[in-house]
Amino acid sequence: MCIRCVSKSTAVRLLSSWGAGSAPCALARAIGGAEAQAPRAAGVRLYSSMPQPAEQHGANVNEREGKVAHPTLLNADLLKAQYAVRGELYNKALELQKQGRELIFTNVGNPQQLGQQPIHFNRQVLSLMAAPFLLDNPAVASLFPKDAIERARKLHKTFGSVGAYTDSRGNPGVRQEVADFIQQRDGYPANPEHIFLTDGASVAVRLLLNALIRDSNDHILVPIPQYPLYSASIQLYGGTLLPYNLKEQTGWSMDFNEITRTVHEARNRGACVRGLVFINPGNPTGQCLTEDNLRDLVKFAHNEKVVLMADEVYQPNVYQDEKPFVSAKKVLGDLGAPYSDSVELASFHTVSKGVLGECGLRGGYVELTNFHPGTIDELYKAVSINLSPNTMGQAVSINLSPNTMGQVAMSLMVNPPQPGSESYQQWKKEHDEGLASLRRRAHAMTDGFNALDGVTCTFTEGAMYSFPRLHLPPKAIAAAKAAGKTPDTFYCLQLLEATGIVTVPGSGFGQEEGTFHLRTTILPPEEKIGEFVKLFQDFHKGFMAKYA
């Protein structure tokens, strides 16, 4: 048992009991890093480098050292939350960058940071939306394609101005475009009133988790390894993460017998299991789910009465032909009643991935299927507090109003140039060549890892990451322990110092006890991927020789 697994009201008692000899739970060891590896003495503060609190206890303490917002008096769930993607390795990288070191940031799926070029048509429309006076400039026809001008005029009429708030669910016209995209993809209708545009998919994920979690007894099933957005958000909202392990030996597959057993054991302890998260294609693991997998997921959700949260943000990023992307919404419809009209499904997508890579525009959406109308009203109320989503994201994205430019970006993603239009050939060339390049890089990265002694890597079937397993020698593990680091963090820090490559240790995502991994993107430019792989290989050979 550890502090991650209890409510705030028991935290002080738990710290004392842990110091008295009990051990951290498996989840804390999986995602908590070195600090969760061993018991601590009574009174030692956990999971933060903040100052030790004074000998003063109780919820009525309002200030310390003259500060009301003292770090020891903040929300306990905030202090316990961890987000490894921007954690110790990233902070160390920023220090090195300030010293003038050249770095390769492969810690986060941020394509344009590593040189991926934006789609011309999208940026042309976004430019005209940001500067609508250009539409009346006599030279506009010589600067922009006719269909980009027409699309910008249509969107400008829809939005009025990208500097204005939209509906808190996002612009109705863009939500209809998203609904049309979903119907064309899956063959089943989508209701635009049940689609929320958000400032990236992460906002939509947090919206759902915040609604589902009522207290620490509410559990959310999350795959291990997982994207730390889920562990951090569940902690922030006071819930409990219920891990289910993906099986690395069978390509990061799901074991539904084990998942079912996990749920029943939790419920026998009195836990309320509310939802199940799955990521397809996988992050950090890069696996793609089959239709059989998705049918099992839908049936499991129906039988166990949990909300399915389908993280499908990497759906364009598929690098093999045997397991094409299939949405959970399509499988739900194909199964028919009683599944298609009862299973509550939240499906997430974004403009940040694929060949768009528009991470900075913050455009995303969530579609809610089979949710109670009253729940949709409550979620509408929740997003209305933020007024509007990012407008430019809607034309790529959602909040009071979502980001308007994000909303515009979303419009352009789900409704790209069509055959016969002036921009179609260039758009298709950029789209197809971008995906083909990512496929080649996925193969090169996986092959590079598997060519090394002491490294095994499941092929990156989709998404943007490789997640190699590091078979580290005992001397390296001992050196890591002496340094107060998990072995994979120790490895990644030395990799960063030696090469400038910024990765994320597997302990930040959760991993089976006794195994060590790292996550890297496959996003370095294709012309530099060979250099990147060699840089990694040379470091690894030296590291293994040093600790042999």
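Reading the values: the criteria
- The residue count restarts for each chain, going from 1 along the sequence in the order it is written.
- Local features in this predicted model are restricted to residues whose pLDDT is 70 or higher, and side-chain atom pairs enter the listing and the counts only when it is 80 or higher, whereas totals over whole chains, interfaces and linings include all residues.
- Hydrogen atoms and water are omitted, and side-chain values are computed over all heavy atoms in the structure.
- UniProt positions are given in the numbering used here, feature names are shortened, and annotations may be inferred rather than shown by experiment.
- Any Lys or Arg side-chain nitrogen found within 4 Å of a carboxyl oxygen on Asp or Glu counts as a salt bridge.
- A run of H or I in DSSP counts as a helix once it spans at least four residues, and a run of E counts as a strand once it spans at least two, with each numbered from the N terminus.
- Only protein chains enter the accessibility calculation, which uses a 1.4 Å probe; a residue whose area is less than 20% of its type maximum is buried, one above 50% is exposed, and one in between is partly exposed.
- Stacked, tilted and edge-to-face are the three classes applied to pairs of Phe, Tyr and Trp rings, where Trp contributes its six-membered ring and a pair requires centres within 6.5 Å; stacked means planes under 30 degrees apart, edge-to-face means over 60, and tilted covers the rest.
- We count a charge as sitting over a ring when the NZ of a lysine or the CZ of an arginine lies within 6 Å of the ring centre and within 35 degrees of the ring normal.
- Nonpolar side chains (Val, Leu, Ile, Met, Phe, Trp, Tyr) within 5 Å and like charges within 9 Å form the patches, drawn only from residues with over 30% relative accessible area and no salt bridge.
- For every accessible area listed, the method is Shrake-Rupley and the probe measures 1.4 Å; residues are considered covered only by the protein chains on display.
- By this definition, two strands are paired if DSSP reports at least two bridges between them.
- The contact definition used throughout considers only heavy atoms, calling two residues in contact when any of these lie within 4.5 Å.

You'll find the protein entered in an unreviewed UniProt entry as Alanine aminotransferase isoform B, with Chlorella sorokiniana given as the organism. Under the UniProt heading Sequence similarities (unreviewed entry), the entry covering the protein gives this text: "Belongs to the class-I pyridoxal-phosphate-dependent aminotransferase family. Alanine aminotransferase subfamily."

Take the pattern of salt bridges next. Taken as a whole, this structure holds 24 salt bridges when the rule is applied. In this structure, the salt-bridge partner of Glu95 is Lys92, at a minimum N-O distance of 3.9 Å. Of this pair, Glu95 and Lys92 both sit in helix H4 (residues 88–98), three residues apart, roughly one helical turn. Glu95 gets classed as partly exposed once you look at its relative accessible area, which sits at 44%. Residue class for Lys92 comes out partly exposed when judged on its relative accessible area of 25%. With a closest N to O distance of 2.5 Å, Glu526 and Arg440 form a salt bridge.

Turning next to the packing of aromatic side chains. If you walk through the whole model with that rule in mind, you get 14 aromatic pairs. Each ring, one from Phe449 and one from Phe536, has its centre 4.9 Å from the other, and the planes form 85°; the classification is edge-to-face. One end of the pair, Phe449, is in helix H17 (residues 424–450); the other, Phe536, is in helix H20 (residues 526–546), and 87 residues separate them in sequence. Accessibility assignment for this pair places Phe449 and Phe536 in one class, buried. Taken together, the ring pairs connect Phe449, Phe490, Tyr491, Phe536, Phe539, Phe543 and Tyr547 into an aromatic cluster. The ring of Tyr380 is capped by Arg169, whose NZ or CZ atom sits 4.2 Å from the centre of that ring. Taking the ring centre of Tyr465 as reference, the NZ or CZ of Arg519 above it sits at 3.9 Å.

In this section: unusual backbone geometry. Note that the residue after Ile224, namely Pro225, is joined by a cis bond; omega there is 5°. Note that Pro225 resides in the loop between strand E3 (218–224) and helix H10 (228–236). Going from Asn280 to Pro281, the amide bond is cis rather than trans, its omega being -10°. For Pro281, the position within the fold is in the loop between strand E5 (272–279) and helix H12 (291–304). Within the chain, Asn370 stands out as a residue other than glycine whose phi angle is a positive 65°.

A surface patch of nonpolar side chains, amounting to about 230 Å² of accessible area, comprises Leu74, Leu78 and Leu236. Along the polypeptide, Leu74 turns up in the loop between helix H2 (26–31) and helix H3 (76–80). Residue Leu74 is classed as partly exposed on the basis of its relative accessible area of 33%.

Ordered in space as E11-E15-E14, the three strands form an open sheet in which the pairing is antiparallel. Each of the sheet's edge strands pairs with one partner strand only, and the pair in question is strand E11 (465–466) and strand E14 (504–505). Bridge count between E14 and strand E15 (residues 518–521): two bridges; the pairing is antiparallel. Of the residues in E15, the one forming a bridge with Pro505 is Leu518.

Next up on the list: the environment of Ile213. Residue position: Ile213 is located in the loop between helix H9 (201–212) and E3. By relative accessible area, Ile213 is classed as buried at 7%. Once residues within four sequence positions are removed from consideration, Ile213 is found in contact with Asp218, Ile220, Ile234, Tyr237, Gly238 and Gly239.

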